[in-house]
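Inside the fold
Listed below, chain by chain, are the residues.
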Amino acid sequence: MSGITIPEKSKEEVTAAVDLQKAYYGSGKTRPLEARKAHLKKLGEVLRENESKILKALHDDLNKSEREAYTTEIGILLEEINFTLKNLDSWAKPKKVKTAVTHFGSKGYRIPEPYGVSLIIAPWNYPIQLAISPLIGALAAGNTAILKPSEITPNTSRVLVELFEDFEKGLIHVLEGGVETNQLLLDQPFDYIFFTGSVPVGKIVMEAASKRLIPVTLELGGKSPCIVHEDADLSLAAKRVAFGKLANSGQTCIAPDYLFVHENVKESFIEEYKKAVHEFYGNEPFQSDQYGKVVNKRHYTRLKSYLSDGEVIYGGGFSDENLQIQPTLLKPRSTEVPVMTEEIFGPIFPVLTYGSLEEVKSFVTSRPKPLALYLFTGSENVERDITENLSFGGGCINDTLMHIVTPHLPFGGVGESGIGSYHGESSFSTFSHYKSILKQTTRFDFSFKYPNSKNGLKILRRLLK
Ligand code: NAD
């Protein structure tokens, strides 16, 4: 345990930080592309230079292994920065559009412009990645940003402050604090709010933003199903499912939350899952330096209570001292117990079986739209059936988590799992307003639009035939 508590900020401190950013943005310093690129390059350097400090904080807060922390919190950001630097010129260019027949002689184009001062609110589970990934989009699009890290991972929150000490506060300000600080921030006249976190707090954010009509992106959570069909490659599927379920000890927004396995392959899949867990973490996961811990006592107690929501078929052990729970398979008593209605966010995996895909589809559609969905199958018909008939943020066929790692795929939820998306060009467009401009010709003037035109209506009807 770290013992660090993050103090709340006063209203004056919060207002001063926002005023400073308003002034900085107003100076126009964030607009030139060269300045944006310089900020992104500096961000990359800061991440590289502080790698060991970041890894240590993530270990202290979440017991993340060096491999996992580097890949999911640093590597992914360096890739995103490189991709953005490579493509920024083309994303930021005004884009010509076609001319409608009624607008003959004119030209149309769209210019992306920054929103202005943005607020980025981050959660605790990937506390570096989920604070900095949106920031890359904000800076690339020419915004300033106030970043509010989660108070639940205080070591990482501290490191985030240190990372940005050499940046001008008017450009990037890491404002540490908890719920009260966030509430003060949500009272401020931001130009954009990017929130990652839980559904209930997402609603609070949207309600606050609606008072000033501030546009928002909400990256939320929920229960992401994982479907293993009878024709799947079971041993590969089990490995990839266990990887996605147990990364960060299950505390991943897009982790497979519960399993739907075809009744014909249930037993074999469970055996393969056990084998995969054993290969990854050995006989004693708590002894493995690759196995994380639950972030705090509150979440640990919540997870432990799920163990009585059904029959434990694998694992089920826990350590009160280290806040760890074994990789667990659980047959839920019903689909209405908490482990089947709340987002699990831990290494407990409820197992449901099905005989026909119709059962899976009707179950998934009866629940809020998930952030992710994973399907393991060898059949393109099954793939089409699921991807065309179920609504979810995004997902993978024959893998888990990996759709979040590519900058070519926008990432985000739908319905209760979120509003908007980011990564790659989508991060740039999320933090940009696209101004539409029509440039009219002065070489001639169509008189049919004017009120005194005698046959204007006739001409228009003919044009639109
Ligand atoms: P959270 O919603 O509790 O907290 C997120 C942020 O909101 C924190 O910075 C916190 O200080 C602030 N906050 C908390 N309560 C608040 C309140 N009452 N008023 C104002 N601000 C408040 O989320 P969390 O526990 O940090 O993260 C876990 C959740 O985030 C899970 O639901 C998970 O699925 C989701 N998540 C989603 C994504 C995604 O990309 N879609 C990624 C990671 C986590």
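Let me begin by describing the structure that accompanies this report. Note that the coordinates shown come from a computational prediction; the quantities given were computed from them, not determined experimentally.

Basis of the calculations
- Residues numbered from 1 in each chain as written.
- Predicted model: local features only at pLDDT ≥ 70, side-chain atom pairs only at ≥ 80, totals over all residues.
- Heavy atoms only, no water.
- Pairing = 2+ DSSP bridges.
- Helix = DSSP H or I, 4+ residues; strand = E, 2+ residues; numbered from the N terminus.
- Contact = heavy atoms within 4.5 Å.
- Axes fitted to C-alpha atoms, helices over the stretch in contact; angles between N-to-C directions.
- Patch = residues over 30% accessible without salt bridge, like charges linked within 9 Å, V, L, I, M, F, W, Y side chains within 5 Å.
- Areas by Shrake-Rupley, 256 points an atom, 1.4 Å probe, with all protein chains shown as cover.
- Salt bridge = Lys/Arg side-chain N within 4 Å of Asp/Glu carboxyl O.
- Lys, Arg positive; Asp, Glu negative; His and termini not counted.
- Charge placed at Lys NZ, Arg CZ, Asp CG, Glu CD.
- Buried < 20%, exposed > 50% of the residue type's maximum accessible area, 1.4 Å probe, protein only.
- Near = heavy atom within 4 Å.
- Domains from an automatic or database assignment.
- Arc of directions from axis to C-beta.
- Polar contact = N/O pair within 3.5 Å; in protein donor to acceptor, adjacent residues only side chain to side chain.

Our focus in this paragraph is the sheet that holds strand β3 (residues 117-121). A sheet is described by the order of its strands in space; here six strands give the open sequence β5-β4-β3-β6-β7-β17, paired in mixed fashion. At either margin of the open sheet sits one strand with a lone partner, and together these are β5 (172-174) and β17 (418-419). Packing of helix α1 (residues 11-26) onto the sheet brings it into contact with β3, β4 (144-148) and β5, and relative to β4 it is tilted by some 155 degrees.

Within the secondary structure layout, H262 lies in strand β9 (residues 258-262). For H262 and H278, which are 16 residues apart along the polypeptide, the C-alpha to C-alpha distance reads 23 Å. Beyond its immediate sequence surroundings of up to four residues, H262 is in contact with V228, H229, E230, Y354 and G355.

Bringing the sheet that holds strand β2 (residues 107-114) into the picture now. The three strands are arranged β1-β2-β18 in an open sheet whose pairing can be described as antiparallel. On the outer flanks of this sheet lie β1 (95-97) and β18 (432-439), each paired with one strand and no other. Direction aside, neighbouring strands of the sheet carry axes that sit 30 degrees apart on average. Note that β1 and β2 share three bridges and pair antiparallel. Bridge pairing in β2 links K96 to Y109.

Residues K96, K107, K439 and R443 make up a contiguous surface patch of positive charge. Under the relative-accessibility criterion, K439 is labelled exposed at 54%.

Glancing now at the site of the ligand. Contacts to the ligand come from 27 residues, most closely from K148, E151, S198, L220 and E343. Coverage of the ligand by the protein amounts to 91% of the 840 Å² it exposes when considered alone. Secondary structure elements with two or more residues in the shell around the ligand: α7 (179-185), β6 (192-196) and α8 (199-212). No fewer than three residues from each of domain 1 (11-220 + 417-437) and domain 2 (225-404) sit in the shell around the ligand.

Time to look at helix α14 (residues 380-389). Every buried residue belonging to α14 is among V382, D385 and I386, and all of these are buried. Buried positions in α14, seen along its axis, are confined to an arc of 85 degrees and lie on one side of it. Facing away from the buried side of α14 by more than 90 degrees, the exposed set consists of E380, N381 and E388. Where α14 is buried, its residues contact β8 (225-228), α13 (357-365) and β15 (372-376). The backbone nitrogen of N381 has a side-chain oxygen 3.2 Å away, supplied by the residue at the start of α14, namely S379.

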